[in-house]
Amino acid sequence: MVFCPNCGAENNDTAKFCKNCGSSLSGGNPIKDNYVATGNAPSAQSGNSNFNTNSNNSNSKSDNKNLIIISLTIIICALLIAGALVMFSGNGNDNDDSALSDSASLNGASDTVNESADDSSTSDDSTESSTVAQDSSPRIISGSFSTGSSASDKTHCTVYVGSEHAGEKVKISVLYSNDGYALNQGKIVPKTVSSDGYVKVASAYAFDYYPDEAYITLYDNNGNVLDTQTVYLNENSGKQTFS
């Protein structure tokens, strides 16, 4: 058995180079001579030295692995924290935008309510104005019909609209019928209210039958309907009043 003078590794007696470190074994073997002289195993110290070296290398590698693992763990934690902060920030912005949107919606609804109230007020004012205008317009208050006994006598209609409308321009039509059949065309005739508040109109011709119904329509000078009234008559001559 030959011991390497460099590392103390055991080699075959015929080996020229150390199988462990590659050192030449031909230059004598003081380690073996020392072992023969003293009885101390040369491999003990050398083996321990090699073991310590290998152990140190192993520890160094283990420390490097631990350092790498710790570094990766720190990086992963940092990424997770950064992602959480970004998500939280995004949710906060969404909430702010939602709050602003809700506020804008409420303001819009309030404006709509106010506009509706204004429109309603304007509409009410317009309706009141229209009502006042209608109340001041001529109305069919009362009147009379008169028919002569002769076959050539026309039928006369007199409508009272009020003396406050004296001199106003109006239009009037009277449609006569008997037993559901029209006796005339009910043409619209322009008239002027008399000083005592009456509008008078005669039929265009005499009827073959006495009318049993008359439908009166009163218009303003522009042709807008102001009032209507249906009057039922007796089928005879003479004067008949209505109100």
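Residues numbered from 1 in each chain as written. Predicted model: local features only at pLDDT ≥ 70, side-chain atom pairs only at ≥ 80, totals over all residues. Heavy atoms only, no water.

A. Examining the overall build of the protein chain more closely. Assigned secondary structure in the protein chain consists of 2 helices and 11 strands. Ordering the α and β elements of the protein chain from the N terminus gives β-β-α-α-β-β-β-β-β-β-β-β-β. Taking all 243 residues of the protein chain together, 24% fall into the buried category. Taking the intrachain contacts of the protein chain between residues at least 6 apart in sequence as the baseline, contacts between residues at least 24 apart amount to 52%. Accessible surface, the protein chain as shown: approximately 16200 Å² in total, 51% of it carbon and sulfur. (Helix = DSSP H or I, 4+ residues; strand = E, 2+ residues; numbered from the N terminus. Buried < 20%, exposed > 50% of the residue type's maximum accessible area, 1.4 Å probe, protein only. Contact = heavy atoms within 4.5 Å. Areas by Shrake-Rupley, 256 points an atom, 1.4 Å probe, with all protein chains shown as cover.)

B. A look at the environment of Gly167. Of note, Gly167 is situated in the loop between strand E4 (155–160) and strand E5 (169–178). When its relative accessible area of 48% is taken as the criterion, Gly167 is described as partly exposed. Expressed as a C-alpha distance, the spacing of Gly167 and Thr192, which sit 25 residues apart in the sequence, is 5.8 Å. Leave out the neighbours within four places in its chain, and Gly167 touches Thr192, Val193 and Ser194.

C. Representation of empty space enclosed by the protein within the structure. Across all of its chains, the model carries 1 cavity of 30 Å³ or more by this definition. Volume-wise, the largest cavity comes out at about 50 Å³. The wall of the largest cavity is formed by Phe145, Ser146, Thr147, Pro211, Leu233, Asn234, Asn236, Gly238 and Gln240. Sorting the residues of the lining of the largest cavity by element identifies strand E3 (142–147) and strand E11 (238–242) as the ones contributing at least two each. Here the lining of the largest cavity takes 3 residues from E3, the largest share from any one element. (1 Å grid on protein atoms, 1.4 Å probe; cavity = no way out; pocket = protein on both sides within 12 Å on 5 of 7 lines; lining within 4 Å. Points joined across faces, edges and corners; volume = space filled by probe spheres on them.)

D. Just the sheet that holds E4, in detail. The strand order across the open sheet built from 4 strands is E8-E4-E3-E11, with neighbouring strands paired in antiparallel fashion. The open sheet is flanked by strand E8 (198–202) and E11, the only strands paired with a single partner. Looking at each pair of strands side by side, their axes are set apart by 15° on average, direction ignored. Across 5 bridges, E3 lies against E11 in antiparallel orientation. The partner of Gly143 across the bridge, within E11, is Phe242. (Pairing = 2+ DSSP bridges. Axes fitted to C-alpha atoms, helices over the stretch in contact; angles between N-to-C directions.)

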